[in-house]
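# An overview of the molecular structure
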Amino acid sequence: MCYLTPTVLSVQQAIPNGCPAKALGPSQRLTLSVQALAGHQTVTGLADELDVSRKFVYQQAATAKAALEEAFAAADEPEDKVLFYLPVTKNWIRQVTIALVFLCHSSLRGIVEFWRDLFSVKMCVATVHNILQDAVDKARPYNRQQNLANVKIAGLDEIFQNGLPVCVGADVASGYCFLLSLGDHRDADTWGVHLLDLKERGFAPEATIADFGAGIRAGQQLAMPGSTCRGDVFHALQEITPVVSYLENRAYDAIEALHKLEQKKIKTKKRGRPTQSVARKVSLARPVAASAVTLADDIALLKGWLHYDIFAVSGMPYPERCELFDFICTELKAREHLCPHRIPRVRTLLENHRDELLAFAAQLDADLMNLATDFQVPVDVVRELADIQALGEHHPRRWQKEAALRDKLRRRFHGLNAAVQDLTDQVVRASSIIENINSRLRSYFFLRKQLGPEYLELLQFFLNHHRFLRSDRPERVGKSPAELLTGQSHPHWLEMLGYRLFSRN
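What this report covers is the structure whose coordinates are included nearby. Every value quoted in this text rests on a predicted model; they were computed, and no experiment measured them.

So, how was this worked out
Residues numbered from 1 in each chain as written. Predicted model: local features only at pLDDT ≥ 70, side-chain atom pairs only at ≥ 80, totals over all residues. Heavy atoms only, no water. Helix = DSSP H or I, 4+ residues; strand = E, 2+ residues; numbered from the N terminus. Rg over C-alpha atoms; globule rule 2.2 N^0.38 Å. Lys, Arg positive; Asp, Glu negative; His and termini not counted. Charge placed at Lys NZ, Arg CZ, Asp CG, Glu CD. Expected span 1.5 Å × (residues − 1). Buried < 20%, exposed > 50% of the residue type's maximum accessible area, 1.4 Å probe, protein only. Pairing = 2+ DSSP bridges. Salt bridge = Lys/Arg side-chain N within 4 Å of Asp/Glu carboxyl O. Arc of directions from axis to C-beta. Patch = residues over 30% accessible without salt bridge, like charges linked within 9 Å, V, L, I, M, F, W, Y side chains within 5 Å. Areas by Shrake-Rupley, 256 points an atom, 1.4 Å probe, with all protein chains shown as cover. Polar contact = N/O pair within 3.5 Å; in protein donor to acceptor, adjacent residues only side chain to side chain. Contact = heavy atoms within 4.5 Å. Core = buried A, V, L, I, M, F, W, Y, C linked by side-chain atoms within 4.5 Å. Axes fitted to C-alpha atoms, helices over the stretch in contact; angles between N-to-C directions. Parallel < 35°, antiparallel > 145°, perpendicular 65-115°, else oblique. Left-handed = near helix turned anticlockwise from the far one by under 90°. Nonpolar A, V, L, I, M, F, W, Y, C, P; charged D, E, K, R; others polar.

Let us now look at the overall build of the protein. For the protein, the count of helices and strands is 23 helices and five strands. Over its C-alpha atoms the protein spans a radius of gyration of 36 Å, topping by over 25% the 23 Å that the globule rule assigns to 505 residues. Along the first, second and third principal axes, the C-alpha set of the protein runs to 105 × 75 × 70 Å. The centroid of the 61 positive side-chain charges in the protein is displaced by 7 Å from the centroid of its 58 negative side-chain charges.

This is the structure we're talking about:
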């Protein structure tokens, strides 16, 4: 049932009897006002269609607009209005304490102040410690009983806290942290013992990836003889990038020094003074600047080949990568005398770890060959398709090359294109997941000088069972690393610790 507002009644009373406007019912007035607000017809057109005045149409539109604004106006509620009540129990206090530690990164003394100031609850640091210790006993079985058979590529690394190493290991695909252990050493025996313990839980990855720490690689060979430990290309590039920056800055300094000498020579000549001394300095500085510029350009070029050709997912076959890699090492060695305190270190690292750094390329060649066999096409076609996908959607030459390949492959194109995309997406060249976990660990470590294995046990449980709120990879959003690793869902991490979550319903 429709009720006329006072504004409508006053308008109706002002209209003489027998007028077409007076004869319009509420539903017709509603339709008229909506049409006037929508603007699909002019006010004059609407007035002529219903044989009413333009003033009447404007009045109906104003009435409808006022009604809409009133309907959608925010309700003014007092700031002190009670929204809901909390059933505060000891268990609720315990779970909030744990949440403050891991969700809010709060220190133990900060938690004590939180309860004292906001809830008038007296709590000491020892009580907070006991609450966390009780949670450790509940979390430990989840860490120890997790099957690691689904780990295909594992990242290994070390992070230091208060001078002591913390060994870290994680699944590259899911981000599941299967190792977080504090120790006194990071040698081969330490890593070997950790990896042997992991093998008892099904840990048998196709390969691991790590930086160039000797302890990790030696320990892996002790625990898993013959297994592959790939080199992290990120760390290799991090070694050569500062050298390029240093040489570029040195070249700019040499150019600036040469420019100042040339300006000094000009000023000296204008003043009518002898310029032999300055000219001699200019003649000596000019080849120095030219040599510095040439060296900076050469090293930058070699670094570019390393980054965009050798370490790229799409690119040349493995043998050609090795050949270019060796060429770069040779060129670096030929220039060592020009920067003896920086270039030799980079060249030695690259030479000693060539096979580890290019292990991903050898595996990629084998996978591309398998795809070529499955789709019965030459391997060069599969590699060409991978190169096309690497160009990006907005590259001007991508669609021309892709169209030619579509005509060549016809019905096989879509299946092969999807298979190549899936393969290249899974290529692992760097231990980025470990660096990500290390950055997250650091935000927890800085609150405590002494970590203790119990705290790390609980932290590992939280990292593995806390669901991602956001991620660059859509498949991770709303899921925890444990769910990504196993494909099976689990309750909220606080519920796994035996607590019941509060619900306003």
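Still more ground to cover, so stick around.
With that settled, the discussion passes to helix H16 (residues 359–375). If you check H16, its first and last C-alpha atoms are 25 Å apart, about what 17 residues at 1.5 Å a residue would give, namely 24 Å. Residues of H16 that are buried: Ala 359, Phe 360, Ala 361, Leu 364, Asp 365, Leu 368, Leu 371 and Ala 372. The positive-phi residue at the C-terminal boundary of H16 is Gln 376, with phi of around 55°.

Attention now goes to the pairing of strand S1 (residues 153–161). The element S1 is largely enclosed, with a buried count of eight among its nine residues. Where S1 meets strand S2 (residues 164–171), eight bridges bridge the pair, whose relative direction is antiparallel. The residue of S2 that forms the bridge with Asp 157 is Val 168.

Quick look at the pattern of salt bridges now. For side chains bearing opposite charge, pairing can occur when the charged atoms are close. All told, the structure shown has 20 salt bridges when counted by the stated rule. Of the charged contacts, one joins Arg 116 and Asp 117 as a salt bridge, the two residues approaching to 2.8 Å between their closest N and O atoms. Residue Asp 117 is classed as partly exposed on the basis of its relative accessible area, which comes to 49%. We note a salt bridge from Arg 398 to Glu 402, for which the minimum N-O separation is 3.5 Å. Here Arg 398 and its partner Glu 402 are both found in helix H18 (residues 398–409), four residues apart, which amounts to about one turn of the helix. A cluster of three or more residues bridged by salt bridges with shared partners is formed by Asp 137, Arg 140, Arg 144 and Glu 457.

With that settled, the discussion passes to unusual backbone geometry. Backbone geometry at Asp 51 places phi at a positive 60°, although glycine is not the residue there. Summarising the element assignment, Asp 51 is placed in the loop between helix H4 (43–50) and helix H5 (54–72). Overall, Asp 51 belongs to the exposed group, its relative accessible area being 56%.

Here we take up helix H3 (residues 26–38). With 13 residues, H3 should reach 18 Å at 1.5 Å per residue; the first-to-last C-alpha distance of 18 Å fits that figure. All of the buried residues along H3 are Arg 29, Leu 32, Ser 33 and Ala 36. Relative to the axis of H3, the buried residues are bounded by an arc of 95° and lie together on one face. For H3, the exposed residues lying more than 90 degrees away from the buried face are Ser 27 and Leu 30. Within two residues after H3, Gly 39 carries a phi angle of roughly 80°, on the positive side.

Another point: a positive patch on the surface. A surface patch of like charges, here positive, comprises Lys 267, Lys 270, Arg 271 and Arg 273. For Lys 270, a relative accessible area of 71% translates into the label exposed.

Further remarks concern the environment of Tyr 58. Residue placement: Tyr 58 occurs in helix H5. Classification of Tyr 58 as partly exposed rests on a relative accessible area of 47%. Residues Tyr 58 and Gly 272, 214 residues apart in the sequence, show an inter-C-alpha distance of 89 Å.

It is worth spelling out the side chain of Arg 335 at this point. Looking at the secondary structure, you find Arg 335 in the loop between helix H13 (318–334) and helix H14 (343–352). Of the polar contacts made by the side chain of Arg 335, one reaches the side chain of Glu 331; its length is 2.7 Å. Residue contacts for Arg 335: discarding those within four places in its chain leaves Leu 295, Asp 298, Ile 299 and Ile 343.

In globular proteins that are soluble, nonpolar side chains generally tend to be buried together. Of all hydrophobic cores here, the largest spans 46 residues; its most connected members are Ile 98, Phe 102, Val 168, Leu 441 and Leu 459. The residues contacting Leu 459, other than those within four sequence positions of it, are Phe 102, Leu 180, Leu 441, Tyr 444 and Phe 445. Core analysis: the next-biggest nonpolar cluster, separate from the first, contains 41 residues, Leu 306, Phe 325, Cys 329 and Leu 358 among them.

The next subject is the packing of helix H9 (residues 188–199) against helix H10 (residues 214–223). Running from N to C, H9 and H10 cross one another at 45°; their axes reach a closest spacing of 7 Å. By the angle between their directions, the pair H9 and H10 is classed as oblique. Handedness of the crossing formed by H9 with H10: right-handed. In contact with Ala 188, Asp 189, Trp 191, Gly 192, Leu 195, Leu 196 and Lys 199 of H9, H10 contributes Gly 215, Ile 216, Ala 218, Gly 219, Gln 220, Leu 222 and Ala 223. Across the contact of H9 with H10, the residue classes tally to eight nonpolar, four polar and two charged.

For a regular strand, side-chain orientation follows a simple rule: the groups alternate between the two sheet faces. Of the two faces of strand S4 (residues 207–210), the one lined by Ala 207 and Ile 209 and the one lined by Thr 208 and Ala 210 are each fully buried. Inspection of the sheet shows S1 paired to S4 by three bridges, in the parallel sense. Bridged to Ala 154 within S4 is Thr 208. Of the strand pairs in this sheet, S4 and strand S5 (residues 229–231) are connected by three bridges, and their pairing is parallel.

Here the focus is the sheet that holds S2. Backbone-to-backbone hydrogen bonds pair the strands of a sheet. The strands run either parallel or antiparallel. With respect to topology, five strands assemble into an open sheet ordered S3-S2-S1-S4-S5, the strand pairing being mixed. Looking at which strands have only one partner, the edges of the open sheet turn out to be strand S3 (177–182) and S5. Averaged over all pairs of adjacent strands, the angle between their axes in this sheet comes to 25°, without regard to strand direction. Note that S2 and S3 share five bridges and pair antiparallel. Counterpart to Ala 170 in the pairing with S3 is Cys 177. Across the sheet, H9 is in contact with S1, S2 and S3; its angle to S3 comes to roughly 140°. Its contacts with the sheet place helix H20 (residues 432–445) against S1, S2 and S3, and it is angled at close to 30° to S1.

Next up on the list: a nonpolar patch on the surface. Where nonpolar side chains cluster on the molecular surface, the patch consists of Leu 83, Phe 84, Leu 86, Val 88, Leu 118, Phe 119 and Phe 502 and spans about 650 Å² of accessible area. Assignment of secondary structure puts Phe 119 in the loop between helix H7 (108–118) and helix H8 (125–145).

Everything listed here is a matter of coordinates, which is why it stays silent on function.
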